[in-house]
Amino acid sequence: MLQRLTRGGRLGSGMMALGLFALSAAITALMGMPGVQDAAAQEEEEYEFLDPQMCGACHNQQHSQWKGSLHALAHNEAIYDRYFIQASQETDGEIELFCATCHSPIAVMNGSIPFDEPPSSPEDTVLPDKAEETGVNCDFCHSIEDYTELRNAGYVVDRSNVKRGPYEDADAQGFHESEYSELHRTAEFCAICHVVDHPVNGIHLEMTYQEYQESGYPEEGIICQDCHMNRNLGDPPYELPGKAAMTGPEREHVADHYFVGPNIVFAEETGADELKELSLKLLERAADVEITGAEVADGQVVVNVDVTNKGAGHSIPSGITELRQVWLEVVVTDADGNTVMHAGALDEQGAINDDTVIYTTIVKDAEGNATTKFWLTEEKASDYRIPARTTLSETISAEADLEPGEYTVTTMLQYRSVSPFGLSEVGMPEGEVTIPVITMTSDETTMTVE
Ligand code: HEC
Ligand code: HEC
Ligand code: HEC
Ligand code: HEC
Ligand code: HEC
């Protein structure tokens with residue numbers, strides 16, 4: 001505890017170097033983080049968090065599904081790693097605790113993070129202890145017993161052999177104790193980490209849970225788990241009968257542990273084929289686009305498109321929307337297949353043109369520059385996204401001198417998890433990761449020019 005207080009002092013100076021805040025306030029902000037307090041309070045206890053592989057010996061289904069998920073990769077995947085290293089470098093290590101309470105919670109509780117020196121390359125962030133290296137894992141999630149606040153890692157962890165889950169009568173035959181946890185069957189369990197507020201100025205950086213609360217799904221009893229921990233992705237049946245452990249009884253419902261999401265950047269590397277397939281399905285059922293009009297007037301092609309969020313329990317995109325990009329691409333081709341108009345195309349650097357209809361969040365730093373380094377956020381310059389169960393009507397127009405004839409108009413809703421600009425801001429070496437552009441959904445129509 002005292003040791004961490006000393007580190008708190010370093011946090012203060014780092015935050016001041018950022019020009020963000022006064023020393024004492026920054027320390028208060030950090031000390032208010034429950035994960036940090038719990039970590040200190042629990043340091044004397046004996047229980048050592050286990051390598052997920054050990055849980056997998058009896059819970060093979062949960063393990064094989066979880067191991068390709070972003071939760072399993074939360075500490076060590078290449079994109080997080082680069083952002084973490086950059087953030088640490090810029091704050092002289094002071095921000096490490098903040099990031100790691102969500103991305104590497106066991107390493108924080110064990111005191112392995114903050115690192116002695118701000119890491120400068122991915123090798124420096126490798127943790128030899130498997131329970132620490134595997135990010136958001138079995139033993140961590142199933143030791144959460146409560147929360148103090150629904151944001152910024154406000155979890156309360158019981159560091160013991162008791163594993164908490166959805167059954168009232170689980171018997172783990174002596175390997176561990178079990179306790180019924182209502183919390184694990186609620187959206188609030190996820191909100192503990194899926195709400196990120198800036199640690200100093202409080203600006204909302206990720207607000208998936210708030211968006212969910214306004215979506216109408218809570219009133220219908222549909223929770224995050226129904227879409228993200230279920231291969232039916234939010235459609236009935238919600239029950240998946242099976243066994244929760246190889247030696248356990250038949251259960252009416254055994255939740256999937258894929259934690260399906262749109263980020264498939266690492267799916268190939270980890271061989272997560274089933275997860276990738278589910279991810280593409282999730283994106284497909286998330287939205288609809290419909291061309292409601294296409295015409296030529298005064299040398300302009302004008303295309304009207306309705307975009308509907310029909311399947312996400314929150315806005316599209318959600319989560320770390322300072323990085324995520326969803327946009328409309330519109331292509332008009334003539335009878336010979338020649339492109340006569342192309343809106344929302346990527347340029348040679350992979351950037352999206354300023355005129356494009358794009359759903360994302362733009363934040364600015366103290367100098368007023370747009371950045372994906374969200375810890376530098378001083379101001380939200382714009383936040384335009386598609387709320388749950390909402391249709392937005394968009395107009396896309398471009399100059400085009402078209403001969404009379406038949407044209408084909410195609411529109412696509414595109415998704416990518418981070419832009420080349422974002423990758424360059426954190427010094428990602430060229431070619432180290434490939435960010436796919438995924439077409440979530442599309443529509444096509446014909447247009448006649450008289
Ligand atoms: C992000 C947190 C999280 C992680 C990581 C996680 N679980 Fe779970 N687990 C849950 C939640 C939440 C439920 C309850 C889901 C429900 O019933 O809707 C659950 C349910 C379970 C159950 C009851 C049976 C079932 O699948 O519903 C077992 C057993 C289990 N998890 C074991 C594991 C193991 C083993 C791992 C690691 C390989 C793991 N969990 C990783 C959150 C997590
Ligand atoms: C030796 C086998 C074995 C190992 C290893 C094991 N478990 Fe279990 N676990 C079981 C059995 C059996 C059950 C009871 C299943 C049932 O009743 O349906 C169970 C139940 C659970 C439950 C449900 C608890 C509830 O009350 O709903 C969770 C969560 C869980 N285990 C997590 C873990 C985690 C995390 C690990 C690794 C740290 C782990 N288990 C390791 C055998 C094991
Ligand atoms: C201990 C904190 C924590 C808890 C609790 C937690 N998550 Fe996460 N989750 C994360 C982090 C951190 C990431 C991002 C990891 C990365 O991409 O590096 C993530 C990623 C995800 C993703 C992947 C998103 C994508 O872009 O593909 C999904 C889906 C997800 N979580 C769903 C859930 C659900 C559902 C729950 C509740 C049952 C939950 N999480 C509970 C920390 C948490
Ligand atoms: C009705 C189904 C449904 C519910 C309920 C739901 N989600 Fe999602 N979620 C989706 C779909 C579909 C996507 C893909 C579209 C998108 O990115 O928004 C998604 C995407 C995500 C992402 C990645 C965001 C991005 O754009 O990169 C995260 C993280 C996430 N969900 C977490 C949660 C959490 C946490 C909850 C509960 C508070 C939740 N979801 C509730 C369907 C759902
Ligand atoms: C309160 C919990 C929390 C804290 C604190 C937090 N994150 Fe995250 N982070 C998440 C969640 C949840 C996601 C997944 C959201 C999504 O998929 O859209 C995520 C996603 C990310 C991603 C996207 C990874 C990818 O592969 O696309 C990066 C990068 C990231 N976080 C970096 C950081 C850094 C750096 C810090 C510290 C400055 C930090 N995070 C602090 C919860 C947190």
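Residues numbered from 1 in each chain as written. Chains lettered and ligands numbered in written order. Predicted model: local features only at pLDDT ≥ 70, side-chain atom pairs only at ≥ 80, totals over all residues.

Observations regarding the overall build of the protein chain
On a plain count of helices and strands, the protein chain comes out with 17 helices and 18 strands. Its C-alpha atoms give the protein chain a radius of gyration of 24 Å, near enough to 22 Å, the size a compact globule of 450 residues would have. When the backbone C-alpha atoms are referred to their principal axes, the protein chain occupies close to 80 × 55 × 40 Å. The buried share of the protein chain, taken over its 450 residues, is 43%. Pairs at least 24 apart in sequence give 65% of the contacts found in the protein chain among residues at least 6 apart. (Helix = DSSP H or I, 4+ residues; strand = E, 2+ residues; numbered from the N terminus. Rg over C-alpha atoms; globule rule 2.2 N^0.38 Å. Buried ≥ 20, exposed ≤ 12 C-beta atoms within 10 Å, placed from the backbone. Contact = placed C-beta atoms within 7 Å.)

Remarks on the sheet that holds strand S16 (residues 391-399)
Sheet architecture is open: three strands sit in the order S9-S10-S16, paired in antiparallel fashion. Edge positions in the sheet fall to strand S9 (287-297) and S16, since each of these pairs with one other strand and no more. Averaged over all pairs of adjacent strands, the angle between strand axes in this sheet comes to 20°, irrespective of strand direction. (Pairing = 2+ DSSP bridges. Axes fitted to C-alpha atoms, helices over the stretch in contact; angles between N-to-C directions.)

Some points on the domain arrangement of the protein chain
Along its sequence, the protein chain is carved into domain 1 (2-251) and domain 2 (287-449). Taken together, the 23 residues of domain 1 in the interface contact 24 residues of domain 2. For the side of domain 1 that touches domain 2, the element with the most residues is helix H7 (residues 78-90), which contributes six residues. Looking at side-chain class alone, the side of domain 1 that touches domain 2 contains 13 nonpolar, seven polar and three charged residues. (Domains from an automatic or database assignment. Nonpolar A, V, L, I, M, F, W, Y, C, P; charged D, E, K, R; others polar.)

Here's the deal with the site of ligand 3
Around ligand 3, 26 residues are found, and the nearest of them are Cys190, Cys193, Cys224, Gly261 and Asn263. For the shell around ligand 3, the secondary-structure elements that each account for two or more residues are helix H6 (70-73), helix H8 (96-103), helix H12 (187-191) and helix H14 (224-228). Across the shell around ligand 3, the residue classes break down as 17 nonpolar, eight polar and one charged. (Near = placed C-beta within 6 Å.)

A word on the site of ligand 2
Lining the immediate environment of ligand 2, one finds 28 residues, of which Cys55, Cys58, Gly165, Tyr167 and Gly248 sit closest. Listing elements by their share of the shell around ligand 2, those giving two or more residues are helix H4 (52-56), helix H11 (138-141), strand S3 (162-165) and strand S4 (177-180). With three residues, the single largest contributor to the shell around ligand 2 is S4.

A look at unusual backbone geometry
With an omega dihedral of 0°, the bond running from Pro236 to Pro237 counts as a cis peptide bond. As for its position among the elements, Pro237 is in the loop between H14 and strand S7 (242-243). Note that the residue after Ile316, namely Pro317, is joined by a cis bond; omega there is -10°. Summarising the element assignment, Pro317 is placed in the loop between strand S10 (300-309) and strand S11 (325-333). You will see that Leu233, though not glycine, has its phi angle at about 50°, which is positive. By the C-beta count within 10 Å, which is 19 here, Leu233 ends up partly exposed. Unlike most non-glycine residues, Arg389 shows phi in positive territory, near 50°. Note that Arg389 resides in the loop between strand S15 (379-384) and S16.

Here's the deal with helix H16 (residues 273-286)
Because each turn of an α-helix spans 3.6 residues, side chains separated by three or four positions end up pointing in the same direction. Over its 14 residues, H16 extends 20 Å from the first C-alpha to the last, a length consistent with the 20 Å expected when each residue adds 1.5 Å. Of the residues making up H16, those classed as buried are Leu275, Leu278, Ser279, Leu282, Leu283 and Ala286. Buried residues of H16 fall within an arc of 140° about the axis and therefore sit on the same side. Where H16 is buried, its residues contact helix H15 (267-270), S9, S10, strand S17 (405-416) and strand S18 (438-449). (Expected span 1.5 Å × (residues − 1). Arc of directions from axis to C-beta.)

Some thoughts on the environment of Ala335
As for its position among the elements, Ala335 is in the loop between S11 and strand S12 (339-343). Under the C-beta neighbour-count criterion, Ala335 is labelled exposed, with 10 such atoms within 10 Å. A C-alpha to C-alpha distance of 65 Å links Ala335 and Asn110, two positions 225 residues apart in sequence. When near neighbours in sequence (up to four residues on either side) are disregarded, Ala335 contacts Gly405 and Glu406.

Points about the confidence of the model for the protein chain
With 90% of its residues at a pLDDT of at least 70, the protein chain reaches an overall mean of 91. Every residue in residues 1-37 is under pLDDT 50, and counting partners more than four places away or in other chains gives 62 contacts. (pLDDT = per-residue confidence, 0-100.)

Comments concerning H8
Extensive coverage of H8 is indicated by the burial of eight of its eight residues. Within the sequence span of H8, burial applies to Glu96, Leu97, Phe98, Cys99, Ala100, Thr101, Cys102 and His103.

What to know about the environment of Ser419
By secondary structure assignment, the location of Ser419 is in the loop between S17 and helix H17 (420-425). The class of Ser419 is buried, set by 20 C-beta atoms lying within 10 Å. On a C-alpha basis, the gap between Ser419 and Ala351 in space is 7.1 Å, while along the polypeptide they are 68 residues apart. What Ser419 contacts, discounting residues up to four positions off in sequence, is Gln325 and Ala351.

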